[in-house]
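So the chains spell out like this:
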Amino acid sequence: MNNPVLEIRALRAGYGPRTVLENISIALAAGEWFVLLGPNGCGKSTLLDCVVSRLVPSGGEILIAGHSLRQAPFEAKRHLGYGCAPDVLPALLTARQCLEVHAAAKGLSVIGDDLLMLADELRFTAYFDAFVDMLSLGTRQKLAVLLALVGDPPLIVLDEAFNGLDPASALILKRHLRVRIERRGGALLLATHSLDIVEHYADRAAVLIDGTLKHVWPKDELQRLRAAPGDFEAALAEAISTSAL
Amino acid sequence: MSAPRLAAARLIRLNRRSRAGLKRTGAVLLSLSVLIALFWAEATAAPPLKWLRVHGLLCAGLAAVASAVLIARRRALKRAEFARSWLAAVPVRASTVRWESLLIETFPAIAAVGLLAIVSISYVLVLAITRSSDIFAPFAVWATLSGGIAAGAVGSFLVPQPKPVDLPPGSRYVPHPRLQRAANFRPSLSALGNWPIRQAFAWAQPKIISRAIIPILLGMPLGTTADAAMVAIALSATIGALLLVCSAVVSASRSARRWLAPLPVRPDAVIRAFLLPACAVIVAAGTLEALLLLVFNVSYRTSAEVGGCTAALGCLTASVVVVWNWSLRTRP
């Protein structure tokens, strides 16, 4: 793969003496939507925390757009957009201030029109001047995703980003992300339990079990699964169960 | 599970203790150090003990008022919390709910009486070993204070039920920013500077302030003029605001670290954005403190020294905390 947007090499991470992830290697190419699946507690969020430098791995290497997260964190993070969990957002800042802080951190002088248009499509514009602690879970989730998209980063990392969103907003967001990564030539790493995303949007998917990657579905295999007669979700769920065994 | 709230509270306490690594040997060592400290302070503790005995009624009255106010407040708060808690839908007998609530709501009073009892027994032991006269004086003080606390706890149930606490979001008490045009964005880190100030506003709710003023008023000697009382309240408010802003800086900088970790932000820029407004508020509070001391006929020099020291200490504490947090963040 030439110049991957994200490259994870032999990653090892955990909390104190407990190892959660062992020997994880993934590379995301430009224009690729990569979905991380797996049962609860398998290490999906830990992996994302390592990628966004909220957790320091005990071994391995993470490169974002060719920059090592360990050796050149500033450069690596300039190419990263992360949709944090809604409870991490600052309760006493307004949505507008959160966006301004993110934009300033990325060295922007303005916020892109495409982001404001997405906010409008998601019916978020009315909440720009509301304090975060007054927003509902779904509205906070929208803000977290908008923050991830500030500065049009090549790598977008989202953790269960569609939780709490109403179906219409979720659909708008999925379509927007698909168009954005193709237009931008970026990549999206999403941890989720929604198999419909794998069915309709993902280019590749992987299942993580007990901290190791058990199976990666390449693009052609996913296409074969989609084309096969029968229930895609059932087939994928069965494949995950088989991987778990 | 017969008493789920108590069981959950116990388990949380046990988990906290094991996470903090506290062991029985630690508790024994702590008790021994308290005893040694009592030996050391035996001579110096005698006059305050005598004062407490002479003014037993006053102390008991103050303890009763404090206990009644705190428990009434705690009762309203705990009931509001329970209504929203994860245990709200657990089936529990009405009688269990009653005694469980009673224990939870009066816990601070029970803990205070217990703590006073431990200190009194330890002190009596020390007095017995050193063969001092009137070794039962600590028990008398304990009985007076405990009586006051117990009377206050009972009194809190006799006074009208406080209004239910609605646990509002913190931003209700924060000055709201001016509404702007939807597309009017000015990327800047300056909002980080507002965060600790807003946090201080969110904590300093009107109810809490009004309750904090009561002990200040009660602590004033008879014959105090209204002017002096106003200045004393203003001084206490200034010191309270300083403490709140310092605590808010600690809390907000910790939360900011979690939120901003994935961003390519320079630590020095964040530290500057955080500290400038907070330090400005701390310096203003120090200046106000000096002015209020002047009103109290304290000399110019002493007022300036106290105000300056307070401001310097506040700024130093806030700076150390923020720098520490952000230097931790940049470690590999």
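Throughout this document, residue positions are counted from 1 along each chain, in the order its sequence is written. Whichever chain is written first is A, and whichever ligand is written first is 1; the rest continue in order. Local features are withheld for residues below a pLDDT of 70 in this predicted model, meaning they are given only at 70 or higher, and side-chain atom pairs are given and counted only at 80 or more; totals for whole chains, interfaces and linings count all residues. No hydrogens and no water enter the side-chain calculation; it runs on all heavy atoms of the structure.

## Regarding the interface of chain B and chain A
Turning to step 1, where the next piece is worked out: Contact between two residues is taken to exist if any of their heavy atoms lie within 4.5 Å; hydrogens are not considered. Across the contact, 37 residues belong to chain B and 40 residues belong to chain A.
Turning to step 2, where the next piece is worked out: Taken together, both faces of the contact between chain B and chain A bury some 3,300 Å²; the carbon and sulfur share is 70%.
Turning to step 3, where the next piece is worked out: Considering only the side of chain B, the residues that lose the most area to chain A are Phe185, Trp259 and Pro264 of chain B, jointly responsible for 25% of the buried surface there.
Turning to step 4, where the next piece is worked out: By convention in these notes, a salt bridge is any Lys or Arg side-chain nitrogen within 4 Å of a carboxyl oxygen on Asp or Glu. Connecting chain B to chain A are one salt bridge.
Turning to step 5, where the next piece is worked out: A salt bridge links Asp87 of chain A to Arg258 of chain B, with the shortest nitrogen-to-oxygen separation between them at 4.0 Å.
Turning to step 6, where the next piece is worked out: Going along the chain from the N terminus, every DSSP run of H or I of four or more residues is numbered as a helix, and every run of E of two or more is numbered as a strand. Of all the elements in the fold, those that place two or more residues in the side of chain B that touches chain A are α7 (190-203) and α9 (226-260) of chain B.
Turning to step 7, where the next piece is worked out: Take the side of chain B that touches chain A: its biggest share by element is seven residues, from α7 of chain B.
Turning to step 8, where the next piece is worked out: A class-by-class count of the residues in the side of chain B that touches chain A yields 22 nonpolar, eight polar and seven charged. Defined here as a combined quantity, buried area equals the accessible surface (1.4 Å probe) lost by two parts on assembly, summed across both. Residues were grouped as follows: Ala, Val, Leu, Ile, Met, Phe, Trp, Tyr, Cys and Pro as nonpolar; Asp, Glu, Lys and Arg as charged; and all remaining residues, including Gly, as polar.

## Details of the confidence of the model for chain B
Turning to step 1, where the next piece is worked out: Residues with a pLDDT of 70 or more make up 95% of chain B, whose mean pLDDT is 84.
Turning to step 2, where the next piece is worked out: In the model output, the complex is listed with pTM 0.74 alongside ipTM 0.79. Every residue gets a pLDDT, meaning the predictor's confidence in that residue, from 0 to 100.

## Describing the environment of Phe34 of chain A
All names here are of chain A.
Turning to step 1, where the next piece is worked out: Relative to the helices and strands, Phe34 is located in strand β3 (residues 32-37).
Turning to step 2, where the next piece is worked out: Distance from Phe34 to Tyr201, taken between C-alpha atoms, is 9.2 Å for residues 167 residues apart in sequence.
Turning to step 3, where the next piece is worked out: Excluding residues that lie within four positions of it along the chain, Phe34 makes contacts with Ile26, Leu28, Leu188, Leu189, Leu190, Arg204, Ala206 and Val216.

## Observations concerning unusual backbone geometry
Peptide bonds are, in most cases, trans, and in most cases residues other than glycine have a negative phi.
Residue and element names in this part refer to chain A.
Turning to step 1, where the next piece is worked out: The backbone phi angle of Ala10 is positive, close to 45 degrees, even though this residue is not glycine.
Turning to step 2, where the next piece is worked out: Accessibility here uses a 1.4 Å probe with only protein chains present; expressed as a share of the type maximum, an area under 20% marks a residue as buried, one over 50% as exposed, and anything in between as partly exposed. The class of Ala10 is partly exposed, set by a relative accessible area of 40%.
Turning to step 3, where the next piece is worked out: Positive phi is not limited to glycine here, since Ser53 has a value of about 65 degrees.
Turning to step 4, where the next piece is worked out: Examined against the element boundaries, Ser53 turns out to sit in the loop between α1 (44-51) and β4 (59-64).
Turning to step 5, where the next piece is worked out: For Ser53, a relative accessible area of 24% corresponds to the partly exposed category.

## Considerations on the sheet that holds strand β7 (residues 155-159) of chain A
Residue and element names in this part refer to chain A.
Turning to step 1, where the next piece is worked out: The strand order across the open sheet formed by six strands is β6-β7-β8-β3-β9-β10, and the pairing between neighbours is mixed. Each edge of the open sheet is held by one strand with a lone partner, namely β6 (80-83) and β10 (212-217). Strand-to-strand twist across the sheet, computed as the mean angle between neighbouring axes with direction ignored, equals 15 degrees.
Turning to step 2, where the next piece is worked out: Strand pairing is defined by DSSP finding a minimum of two bridges between the two strands. Here β7 runs beside strand β8 (residues 187-191); their pairing, made up of five bridges, is parallel. Paired with Asp159 across the strands is Ala191, a residue of β8.
Turning to step 3, where the next piece is worked out: The strands touched by α1 are β3, β6, β7, β8 and β9 (204-209); relative to β7, the strand with the most contacts, the crossing angle is about 145 degrees.
Turning to step 4, where the next piece is worked out: Note on geometry: axes are C-alpha line fits, over the in-contact stretch for helices, and angles between N-to-C directions span 0 to 180 degrees. Running over the sheet, helix α5 (residues 137-149) touches β6 and β7 and is turned about 175 degrees from β6.

## Details of empty space enclosed by the protein
One simple way to see leftover space: roll a probe sized like a water molecule over the atoms.
Turning to step 1, where the next piece is worked out: As defined here, a cavity is a set of points on a 1 Å grid over the protein atoms alone where a 1.4 Å probe fits but cannot get out. A pocket is an open set with protein on both sides within 12 Å along at least five of seven lines, and residues line them when an atom is within 4 Å of a point. Grid points are joined across faces, edges and corners, and a volume is the space filled by probe spheres set on the points. Applying the stated criterion across every chain yields a total of two cavities of 30 Å³ or more.
Turning to step 2, where the next piece is worked out: Around the largest cavity, the lining residues are Leu80, Gly81, Tyr82, Cys84, His102, Lys106 and Leu147 of chain A together with Trp259, Pro262 and Leu263 of chain B.
Turning to step 3, where the next piece is worked out: Among the elements that line the lining of the largest cavity, the one with the most residues is β6 of chain A, at three residues.
Turning to step 4, where the next piece is worked out: The calculated volume of the second largest cavity comes to roughly 40 Å³.
Turning to step 5, where the next piece is worked out: Considering the residues around the second largest cavity, the lining is formed by Leu52, Arg53, Gly56, Cys59, Ala140, Val141, Thr144 and Leu145 of chain B.
Turning to step 6, where the next piece is worked out: Of all the elements, helix α6 (residues 137-158) of chain B adds the most residues to the lining of the second largest cavity, at four residues.
Turning to step 7, where the next piece is worked out: Residue composition of the lining of the second largest cavity, by class: five nonpolar, two polar and one charged.

## Description of helix α4 (residues 113-121) of chain A
Residue and element names in this part refer to chain A.
Turning to step 1, where the next piece is worked out: Residues of α4 that are buried include every one of Leu115, Leu116, Leu118 and Ala119, and no others. All buried residues of α4 lie within an arc of 155 degrees about the axis, which places them on one face of the element. In α4, the exposed positions angled more than 90 degrees off the buried face are occupied by Asp113, Met117 and Asp120.
Turning to step 2, where the next piece is worked out: Along its buried surface, α4 packs onto α3 (95-105), α5 and α6 (167-184).
Turning to step 3, where the next piece is worked out: Two residues or fewer past α4, Arg123 is found with a positive phi of approximately 55 degrees. The arc in question is traced by the directions running from the helix axis to the C-beta atoms.

## A closer look at the packing of α5 of chain A against α6 of chain A
Residues and elements named next belong to chain A.
Turning to step 1, where the next piece is worked out: Interaxial distance between α5 and α6 falls to 12 Å at its minimum, and their mutual angle equals 10 degrees. The orientation of α5 relative to α6 falls into the category roughly parallel. For the pair α5 and α6, the contacting residues are Lys142, Val145 and Leu149 in the first and Ser169, Leu173, His176, Leu177 and Arg180 in the second.
Turning to step 2, where the next piece is worked out: Class assignment for the residues of the contact of α5 with α6 results in four nonpolar, two polar and two charged. Just so you know how the angles are binned, under 35 degrees is roughly parallel, over 145 roughly antiparallel, 65 to 115 roughly perpendicular, and the rest oblique.

## A look at the packing of aromatic side chains
Turning to step 1, where the next piece is worked out: Aromatic pairing here means that ring centres of Phe, Tyr or Trp (its six-membered ring) are within 6.5 Å. Orientation follows from the plane angle: under 30 degrees is stacked, over 60 is edge-to-face, and everything else is tilted. Inspection of every chain in the model, using the stated rule, returns seven aromatic pairs over all chains.
Turning to step 2, where the next piece is worked out: Judged by centre distance (5.1 Å) and plane angle (85 degrees), the ring pair of Phe128 of chain A and Phe185 of chain B falls under edge-to-face. Of this pair, Phe128 of chain A sits in the loop between α4 and α5 while Phe185 of chain B sits in the loop between α6 and α7, which puts the two residues in different chains. Each member of the pair Phe128 of chain A and Phe185 of chain B is classed as buried.
Turning to step 3, where the next piece is worked out: Residues Trp195 of chain B and Trp259 of chain B carry aromatic rings whose centres are separated by 6.2 Å and whose planes lie at 75 degrees to one another, so their mutual orientation is edge-to-face. Taken together, the positions of Trp195 of chain B in helix α7 and Trp259 of chain B in helix α9 put the pair 64 residues apart, joining distant regions of the chain. In this pair, the class of Trp195 of chain B matches that of Trp259 of chain B, namely buried.
Turning to step 4, where the next piece is worked out: An aromatic cluster is built from Phe124, Tyr127 and Phe128 of chain A together with Phe185 of chain B, whose rings are joined through pairwise contacts.
Turning to step 5, where the next piece is worked out: Only Lys NZ and Arg CZ are tested; either one counts as a charge over a ring when it is within 6 Å of the ring centre and within 35 degrees of the ring normal. Just above the ring of Phe82 of chain B sits the side chain of Arg5 of chain B; from NZ or CZ to the centre is 4.3 Å.

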